[in-house]
Structure formats: structure tokens, C-alpha cells
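# Chain and residue survey
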Amino acid sequence: MATSNKQTIEATFGCSPEIKSGMFSVKPGNEIDMALLHAAALEESVQSLLKDSLQDGMNAETVFLCRFAMDAASALREAAHSV
């Protein structure tokens, strides 16, 4: 993967009706390639959990974890693509 000199901007995630802005954020200044690599790793991990859940089912904690990981991945992509 080619390294870019571009860096991420801040992107928040973890919003809820009670919290109008994000509870968490991607810090600005990370290399875009690294942010996208981490986003892909999170997404692949969630896909693996979801695939396993087809046979074994999924508890509420795993659902929460998958949602959090996908929110984080989305924020990483937003921070990278908004530059």
C-alpha cells in the first residue's frame, strides 16, 4: 500500500439521543492509509462475528460490540475521506 502524506481530520462517533455529539473521536493527524487499514480490520472482524452468529446466535454484548466497531470504522473512513 502506498503511503500518503495526507492526514486525517477529527471525526466523532458514539452518538445517541442523550448525547448530541460523539462520545469518542478519531484524532486528527493520523496517516490516512493507517486509518483506512484499521477501518478495514474492524469491518472484517465484525463480518467474522456476524458469520459465526448465524450458527451460534449472538448475545446483546456482541451486538453492542459490533455496533461500536462499525461506528469506529465509519468514523475512521470519514476522517480519511473528508481531507
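Residues numbered from 1 in each chain as written. Predicted model: local features only at pLDDT ≥ 70, side-chain atom pairs only at ≥ 80, totals over all residues. Heavy atoms only, no water.

The next subject is the overall build of the protein. Looking only at helices and strands, one finds two helices and two strands in the protein. Each helix (α) and strand (β) of the protein, taken in turn from the N terminus, gives the series β-β-α-α. Put simply, the protein has 83 residues, and 25% of those count as buried. Pairs at least 24 residues apart make up 58% of the contacts formed inside the protein by residues separated by at least 6 positions. Surface exposure of the protein reaches about 5,900 Å², of which carbon and sulfur atoms provide 56%. A distance of 5 Å separates the average location of the 6 positive side-chain charges in the protein from that of its 11 negative side-chain charges. (Helix = DSSP H or I, 4+ residues; strand = E, 2+ residues; numbered from the N terminus. Buried < 20%, exposed > 50% of the residue type's maximum accessible area, 1.4 Å probe, protein only. Contact = heavy atoms within 4.5 Å. Areas by Shrake-Rupley, 256 points an atom, 1.4 Å probe, with all protein chains shown as cover. Lys, Arg positive; Asp, Glu negative; His and termini not counted. Charge placed at Lys NZ, Arg CZ, Asp CG, Glu CD.)

Following the criterion strictly, the structure yields two salt bridges and no others. In this structure, Arg 77 and Glu 43 form a salt bridge, with 2.8 Å as the shortest nitrogen-oxygen distance. Here Arg 77, found in helix 2 (residues 60–81), pairs with Glu 43, found in helix 1 (residues 32–56); they are 34 residues apart in sequence, far enough to count as distant. (Salt bridge = Lys/Arg side-chain N within 4 Å of Asp/Glu carboxyl O.)

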